[in-house]
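Below are the chains, spelled out letter by letter.
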Amino acid sequence: MEVEVRPTRPTSRWFRSFGDVTDPVSEVVCFPHAGGSAAMFRSWQRYTSALKITAVQLPGREVRLGERPFLEMTALVDALAPALAPLTGRPYAFYGHSMGALVAFEVLRRFRELELPLPAALFVSGRDAPQYADQERVHHLPDAELLARLRAWEGLEPQDLPTYDELVTLMLPTIRADLTLAETYQHVPGPPVPVPVRVLRGRRDPLVRDGDAGWARQTSADCSVHEFDGGHYFVQDHEKSVVAHIEAALGVSAAREAGTP
């Protein structure tokens, strides 16, 4: 499969950006968790003038609500990788949370197969390394039981539940499809990727057990772990700190001081 990389910035239903950034040091391509959409990264742009925040928009949500979500990883990567390939024309990094971490990892491996420029780093959160199966499989549960498990992962208070339940019920088919994709994912061993892996972890995340050890085996570069207070969705409470961490890991401050555009 050949993928054309165009020098001009393309438009695509597969991704969204949030505001104009003049001469960014790097672009951060963000992959959402199961049931998540590009909009969850909208506020990230307000915390950085050096990074361009671009978010992957998967079928089955927002403007793509009428499209059928993918149920299998290879089929998703087959469609997604060519759409994202034009973004590799300037420095960039990947960030993925939970299911998004798996998708980002597999797109990175596909880019290597296609001999495209690779990201400067792979940032992952809310997910053990790809070689580990999910500790808890829930995609097959009846709606009420699945909803209860999602509430537990969110750590919601009782006053939050009515609004949450209404929103999730609307999106439940997409959430179930995404969970099916993540929970039936079969890791195929391959050479470690030559890209640093930066693990972000909530200290009370019930779905992560491994820290950085497993992810370290997926890279021939280096791997680090940084912990934040919170559970599985700690990123929602620490957006500014997460963006600052990504900036620091990408050397944004040093680049600005050295006059790099």
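Here the structure is a predicted model, which is why all the values come from computation and not from measurement.

Would you mind going over the sheet that holds strand 2 (residues 26-31) in detail, with residue names and values included?
Strand order in this open sheet of 7 strands is 1-3-2-4-5-6-7, and the pairing throughout is mixed. One side of each edge strand has no neighbouring strand; the edge strands of this open sheet are strand 1 (15-17) and strand 7 (223-228). Pairwise comparison of adjacent strand axes, ignoring direction, gives a mean angle of 20° for this sheet. Looking at chain direction, strand 5 (residues 122-125) and strand 6 (residues 197-202) are connected through 4 bridges and run parallel. Bridge pairing links Leu122 to Val197 in strand 6. Contacts between helix 1 (residues 73-84) and the sheet are confined to strand 1, strand 2 and strand 3 (51-56), with strand 2 contributing the most and set at about 160° to the helix. Contacting strand 2, strand 3, strand 4 (92-97), strand 5, strand 6 and strand 7, helix 7 (residues 239-249) runs over the sheet at an angle of about 160° to strand 7.

An account of the pattern of salt bridges is needed here, citing residue identities and associated values.
It is possible for side chains of opposite charge to pair when their charged atoms get near one another. The full count for this structure, using the stated rule, is 12 salt bridges. In this structure, Glu67 and Arg64 form a salt bridge, with 2.7 Å as the shortest nitrogen-oxygen distance. We note a salt bridge from Arg203 to Asp229, for which the minimum N-O separation is 2.6 Å. Residue Arg203 is found in the loop between strand 6 and helix 5 (213-216), and its partner Asp229 is found in the loop between strand 7 and helix 6 (234-237); the two are separated by 26 residues along the sequence. Salt bridges linked by common partners bring Arg201, Arg203, Glu227 and Asp229 together as one network.

Hey, could you go over the side chain of His139 for me, with residue numbers and the actual values?
Inspection of the secondary structure puts His139 in the loop between strand 5 and helix 3 (143-154). Within the structure, the side chain of His139 is placed 2.7 Å from the side chain of Glu183, a separation counted as a polar contact.

Requested: an account of the pairing of strand 2, with residues and values cited.
With 6 of 6 residues buried, strand 2 is to be regarded as a mostly interior element. Taken together, the 5 bridges between strand 2 and strand 3 define a ladder with parallel strand orientation. What sits directly across from Cys30, in strand 3, is Ala55. Sheet analysis places strand 2 next to strand 4, joined by 5 bridges and oriented parallel. Pairing of Phe31 across the sheet is with Gly96, part of strand 4.

How would you summarise the confidence of the model for the protein if you had to cite specific residues and measurements?
Residues shown with low pLDDT carry predicted positions that ought not to be read at fine detail. Confidence in the prediction of the protein, expressed as mean pLDDT, is 86, and 86% of residues score 70 or more. Segment residues 257-261 is flagged for pLDDT under 50; beyond a separation of four residues in sequence, or across chains, it makes 6 contacts in the model.

Outline unusual backbone geometry, listing residues and values.
A positive phi angle is found at Ser98, which is not glycine, with a value near 55°. Within the fold, Ser98 resides in the loop between strand 4 and helix 2 (99-113). Residue Ser98 is classed as buried on the basis of its relative accessible area, which comes to 15%. One non-glycine residue, Glu115, adopts positive backbone phi at about 60°. Topologically, Glu115 is positioned in the loop between helix 2 and strand 5.

A description of the side chain of Ser43 should follow, citing residues and the corresponding values.
In this fold, Ser43 is placed in the loop between strand 2 and strand 3. Here Glu239 takes part through its side chain, which lies 2.6 Å from a polar atom of the side chain of Ser43.

Parameters and conventions
Residues numbered from 1 in each chain as written. Predicted model: local features only at pLDDT ≥ 70, side-chain atom pairs only at ≥ 80, totals over all residues. Heavy atoms only, no water. Pairing = 2+ DSSP bridges. Helix = DSSP H or I, 4+ residues; strand = E, 2+ residues; numbered from the N terminus. Axes fitted to C-alpha atoms, helices over the stretch in contact; angles between N-to-C directions. Contact = heavy atoms within 4.5 Å. Salt bridge = Lys/Arg side-chain N within 4 Å of Asp/Glu carboxyl O. Polar contact = N/O pair within 3.5 Å; in protein donor to acceptor, adjacent residues only side chain to side chain. Buried < 20%, exposed > 50% of the residue type's maximum accessible area, 1.4 Å probe, protein only. pLDDT = per-residue confidence, 0-100.

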